[in-house]
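Residues per chain are reported as follows:
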Amino acid sequence: MQLDNGKKWTANPETTQGIANMTALVNAFQAGQNEAGYDQLAGQLEDEFQLIFKNCTMKGEGHEQLHNYLLPMKELMEKLKTGTVGDRQKSLEAVGQYLATYSNYFE
């Protein structure tokens, strides 16, 4: 990830809303849920993730940087589907921390 000559990239509103929706899902999730709860959350996050790609209107280097941001998130979300509840909780924390970095690169 890199900035646009020291400035944040301008993202399309649908992308920013999708990240906000994903953040809200993560923040609303009740820690300690069982594996099925994490599976459901992973599915909801995946739906939002797919909408970001579907609704993206960005072009050029900003678009490429958005993909650089989004692709690692896919791997983080996959980890919500495997392991113990404790493992999944750690993965959830990692997803939340990663989502929080969006505003470091995009506005």
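Look up: the structure comes first, before these words.
Residues numbered from 1 in each chain as written. Predicted model: local features only at pLDDT ≥ 70, side-chain atom pairs only at ≥ 80, totals over all residues. Heavy atoms only, no water.

Undergrad: I'm lost on the packing of helix H3 (residues 60-78) against helix H4 (residues 85-100) in this one. Help?
TA: Packed helices, taken two at a time, are described by the angle between their axes plus the distance between the axes. The N-to-C vectors of H3 and H4 enclose an angle of 165 degrees; their axes lie 9 Å apart at closest approach. One way to sum up the angle between H3 and H4 is to call them roughly antiparallel. Here H3 and H4 pass one another in a crossing that is left-handed. Where H3 approaches H4, its residues Asn68, Tyr69, Pro72, Met73, Leu76 and Met77 are matched on the opposing element by Ser91, Ala94, Val95, Tyr98 and Leu99. When grouped by side-chain class, the residues that make up the contact of H3 with H4 number nine nonpolar, two polar and no charged. (Axes fitted to C-alpha atoms, helices over the stretch in contact; angles between N-to-C directions. Helix = DSSP H or I, 4+ residues; strand = E, 2+ residues; numbered from the N terminus. Parallel < 35°, antiparallel > 145°, perpendicular 65-115°, else oblique. Left-handed = near helix turned anticlockwise from the far one by under 90°. Contact = heavy atoms within 4.5 Å. Nonpolar A, V, L, I, M, F, W, Y, C, P; charged D, E, K, R; others polar.)

Undergrad: What should I look at first to understand the environment of Gln30 in this one?
TA: Inspection of the secondary structure puts Gln30 in the loop between helix H1 (13-28) and helix H2 (35-55). Sequence-wise, Gln30 and Gln89 are 59 residues apart; in three dimensions their C-alpha atoms are separated by 9.9 Å.

Undergrad: What exactly am I supposed to notice about H1 here?
TA: Every α-helical turn comprises 3.6 residues, leaving residues that sit three or four positions apart pointing alike. Relative to the 22 Å expected for 16 residues at 1.5 Å per residue, H1 spans 22 Å between its end C-alpha atoms, a close match to the ideal helical length. By the burial criterion, the buried members of H1 are Thr15, Gly18, Ile19, Met22 and Val26. Here the buried residues of H1 occupy an arc of 95 degrees about the axis, which is enough to place them on one side. Residues Pro13, Asn27 and Ala28 are exposed on H1 and point more than 90 degrees away from its buried face. Packing partners of the buried residues in H1 comprise H2, H3, H4 and helix H5 (102-105). (Expected span 1.5 Å × (residues − 1). Buried < 20%, exposed > 50% of the residue type's maximum accessible area, 1.4 Å probe, protein only. Arc of directions from axis to C-beta.)

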